[in-house]
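Here is what each chain is made of, one letter per residue.
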Amino acid sequence: MTDSLRLYFTDGCHLCDDAMVLLEQLNLNYQKVDIVETPSLVELFGTLIPVVENVDGATLNWPFSMQQLKAFTSNQ
C-alpha cells in the first residue's frame, strides 16, 4: 500500500501496541514517531495517541478498527 504513514506513539502505550498490530496485519509500512522526543508533539498528540498520519497530513486517531484503518489507507 504505502510507506508514507507515520504512527505517533510512545513506549509503554498498550493502545499504541494494538495500533501497531493492526498496521502489521494489514501489511502496511509505517514510520514510528515517539512523541516524547518533541515537546510540540506531546502537546499535539499527548491525549490522542496512537495516531496514524498519511502523506497528505490527514490523521486517524485511536480508537480505530482494522476496517477504519484499511479505509483510511486505501486512497494512498
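Criteria and thresholds
Residues numbered from 1 in each chain as written. Predicted model: local features only at pLDDT ≥ 70, side-chain atom pairs only at ≥ 80, totals over all residues. Heavy atoms only, no water. Helix = DSSP H or I, 4+ residues; strand = E, 2+ residues; numbered from the N terminus. Rg over C-alpha atoms; globule rule 2.2 N^0.38 Å. Contact = heavy atoms within 4.5 Å. Pairing = 2+ DSSP bridges. Right-handed = clockwise from strand over helix to strand, strands pointing away. Patch = residues over 30% accessible without salt bridge, like charges linked within 9 Å, V, L, I, M, F, W, Y side chains within 5 Å. Areas by Shrake-Rupley, 256 points an atom, 1.4 Å probe, with all protein chains shown as cover. Salt bridge = Lys/Arg side-chain N within 4 Å of Asp/Glu carboxyl O. Lys, Arg positive; Asp, Glu negative; His and termini not counted. Charge placed at Lys NZ, Arg CZ, Asp CG, Glu CD. Buried < 20%, exposed > 50% of the residue type's maximum accessible area, 1.4 Å probe, protein only. Core = buried A, V, L, I, M, F, W, Y, C linked by side-chain atoms within 4.5 Å. Phe/Tyr/Trp six-rings, centres within 6.5 Å; stacked < 30°, edge-to-face > 60°. Lys NZ or Arg CZ within 6 Å of the ring centre and 35° of its normal.

Caption draft 1: Structural view of the overall build of the protein chain. Counting its secondary structure elements, the protein chain contains three helices and four strands. Radius of gyration (C-alpha) of the protein chain: 11 Å, near the 11 Å computed for a compact globule of 76 residues. Taking the principal axes of the C-alpha coordinates as reference, the protein chain spans close to 30 × 25 × 15 Å. Counting only contacts in the protein chain whose residues sit at least 6 apart along the sequence, the fraction spanning at least 24 positions is 56%.

Caption draft 2: A look at the pairing of strand β2 (residues 30–34). Pairing geometry for strand β1 (residues 5–9) and β2, over five bridges, is parallel. Within the sheet, the bridge partner assigned to L5 lies in β2 and is Y30. A crossover connection joins β1 to the parallel β2 through helix α1 (residues 14–25); in handedness this β-α-β unit is right-handed.

Caption draft 3: Fine view of a negative patch on the surface. On the surface, D11, D17, D18 and E37 cluster together into a patch of negative charge. Structurally, D18 can be placed in helix α1. Under the relative-accessibility criterion, D18 is labelled partly exposed at 36%.

Caption draft 4: Local environment of the nonpolar core. L7, Y8, F45, I49, V52, F64 and L69 are the most contacted members of the largest nonpolar core, which has 23 residues in total. Elements that contribute at least two residues to this core include exactly β1, α1, α2 (39–45), β3 (51–53) and α3 (66–73). The greatest single-element share of this core, amounting to five residues, is contributed by α1. Aside from chain neighbours lying at most four places away, what touches F64 is A19, L22, P50, V52 and L69.

Caption draft 5: Geometry of the packing of aromatic side chains. A full pass over the atoms with the stated rule returns two aromatic pairs. With a centroid separation of 4.3 Å and an interplanar angle of 25 degrees, the aromatic rings of Y8 and F45 are classed as stacked. With Y8 in strand β1 and F45 in helix α2, this residue pair connects regions lying 37 residues apart in the sequence. You can call Y8 buried: its relative accessible area is 5%. Here F45 falls in the buried class, since its relative accessible area comes to 6%. With centroids separated by 4.8 Å and ring planes inclined at 70 degrees, the aromatic side chains of W62 and F64 adopt a geometry described as edge-to-face. Take W62: its relative accessible area is 22%, and that puts it in the partly exposed class. The ring of F9 has K32 sitting right over it, with the charged end atom 5.2 Å from the ring centre.

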